Amino acid sequence: MKLGAMHLTFKDVPKAILFVLGLISIALLNFSWIAVAIWGLLLFSAIVWGASIKLRRRTCQRAFKYMLIGALILTILFATSEMYLFRTAGYPPTFNPSQPDITISRSTILDTSVVELVQGIKNTSAFSLLSLEYPGENILKCIELTTRSPGIDGGHILVRFHHSSAIDFFFNSYLGRPYDVSARSWNFASPAYVQPQTVNESLQQIDDLGLQWFYDRAVEEYQNKTGTTPEITDICVSITWDDYITYQGLTLSMSCFYENTEPRPTSFTSIFQPNGTLL
């Protein structure tokens, strides 16, 4: 087959496939120092290879041709490995093989250890890879545990971390599936204040009391305000940074949903400090 001044044969088909797969892999890479290094290696190899062809330097042409092929193979392997790790990052501690379509349920949400949840994510290969791509401190931004989510049955778990390079790491698990991991650009100003305890200490305070304790206090507060006891159908727990009147730091929001005469379920929410102080 002839294309312009180039003669393509069946021997060129694998090279063409490798080139196309390499371009696709480059497009899939997260923007990190590893991606920049790979792009630089590919660009350098391609430029020197092209120059050696123009100058008819056969030795350099052969050497940088193989360097370019090696860089393309490296790009494909890294991109596919990253994609595999991000799609199979392990299950949350609430996963139960007997309920394969449920990530978190009424029977598990209030027994969940947030320390175990976060530490389990940090122990995954996916988080290790993200820490390698984005060295430095990764701040826990929020944890969301909900038995209800629009369009999703079986509950939903979301854990987000923020890196100083304006990148957020998302660990999502729903429908009983492993975590689905992604890294996205996200502008987030780190809290300008310093709370009395570290993030790990705050999470441990929450675990020491237990999510069941926060749930009971939220229901009790609602009962004191309304004099009624609703039948709770769903629960949503959100742990995030907040600036609430005189308190600044991590807060825990406990939202409880219940059925009423309205088309949609009604909810009430109580917000706490990690030590259980009601805000």
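Scroll up to find the structure this text is about.
A brief structural summary. (Residues numbered from 1 in each chain as written. Predicted model: local features only at pLDDT ≥ 70, side-chain atom pairs only at ≥ 80, totals over all residues. Heavy atoms only, no water.)

Points about helix α6 (residues 125–133)
For step 1, the next point in the chain: All of the buried residues in α6 are A126, F127, L129, L130 and E133. For α6, the buried positions fall inside an angular range of 160° around the axis, keeping them on one side. (Buried < 20%, exposed > 50% of the residue type's maximum accessible area, 1.4 Å probe, protein only. Helix = DSSP H or I, 4+ residues; strand = E, 2+ residues; numbered from the N terminus. Arc of directions from axis to C-beta.)

Digging into unusual backbone geometry
For step 1, the next point in the chain: Of note, the phi angle at L175 is positive, near 55°, even though the residue is not glycine.
For step 2, the next point in the chain: The topology assignment puts L175 in the loop between β5 (167–174) and β6 (180–185).
For step 3, the next point in the chain: For L175, a relative accessible area of 26% translates into the label partly exposed.

Considering the packing of aromatic side chains
The way to describe two aromatic rings as a pair is by their centre distance and the angle between their planes.
For step 1, the next point in the chain: What the rule picks out here adds up to 12 aromatic pairs.
For step 2, the next point in the chain: The interplanar angle of 75° and the centroid separation of 5.2 Å between the aromatic rings of F214 and F272 together place this pair among those described as edge-to-face. Note that F214 is positioned in helix α8 (residues 211–226) and F272 in strand β9 (residues 266–272), a separation of 58 residues in sequence. For the pair shown, F214 and F272 are each scored as buried.
For step 3, the next point in the chain: Arranged with centres 4.2 Å apart and planes meeting at 15°, the rings of Y222 and F268 form a pair that is stacked. Taken together, the residues Y222 in helix α8 and F268 in strand β9 connect sequence positions 46 residues apart.
For step 4, the next point in the chain: You can call Y222 buried: its relative accessible area is 15%.
For step 5, the next point in the chain: Here F268 falls in the buried class, since its relative accessible area comes to 8%.
For step 6, the next point in the chain: Taken together, the ring pairs connect F127, F161, F171 and Y179 into an aromatic cluster.
For step 7, the next point in the chain: Its end group placed over the ring of F170, R184 keeps NZ or CZ at 4.1 Å from the ring centre.
For step 8, the next point in the chain: When the ring centre of W213 is taken as reference, the NZ or CZ atom of R217 above it lies at 5.1 Å. (Phe/Tyr/Trp six-rings, centres within 6.5 Å; stacked < 30°, edge-to-face > 60°. Lys NZ or Arg CZ within 6 Å of the ring centre and 35° of its normal.)

Points about the sheet that holds β9
For step 1, the next point in the chain: Taken together, the 7 strands give an open sheet; going across it, the order is β6-β5-β4-β3-β7-β8-β9, and neighbouring strands pair in antiparallel fashion. Every interior strand has two partners, whereas the edge strands, β6 and β9, have only one. Between one strand axis and the next, the sheet turns by 20° as a mean value, whatever way the strands run.
For step 2, the next point in the chain: For strand β3 (residues 138–146) and strand β4 (residues 156–163), the ladder comprises 8 bridges, and the chain directions are antiparallel. Paired with C142 across the bridge in β4 is R160. (Pairing = 2+ DSSP bridges. Axes fitted to C-alpha atoms, helices over the stretch in contact; angles between N-to-C directions.)

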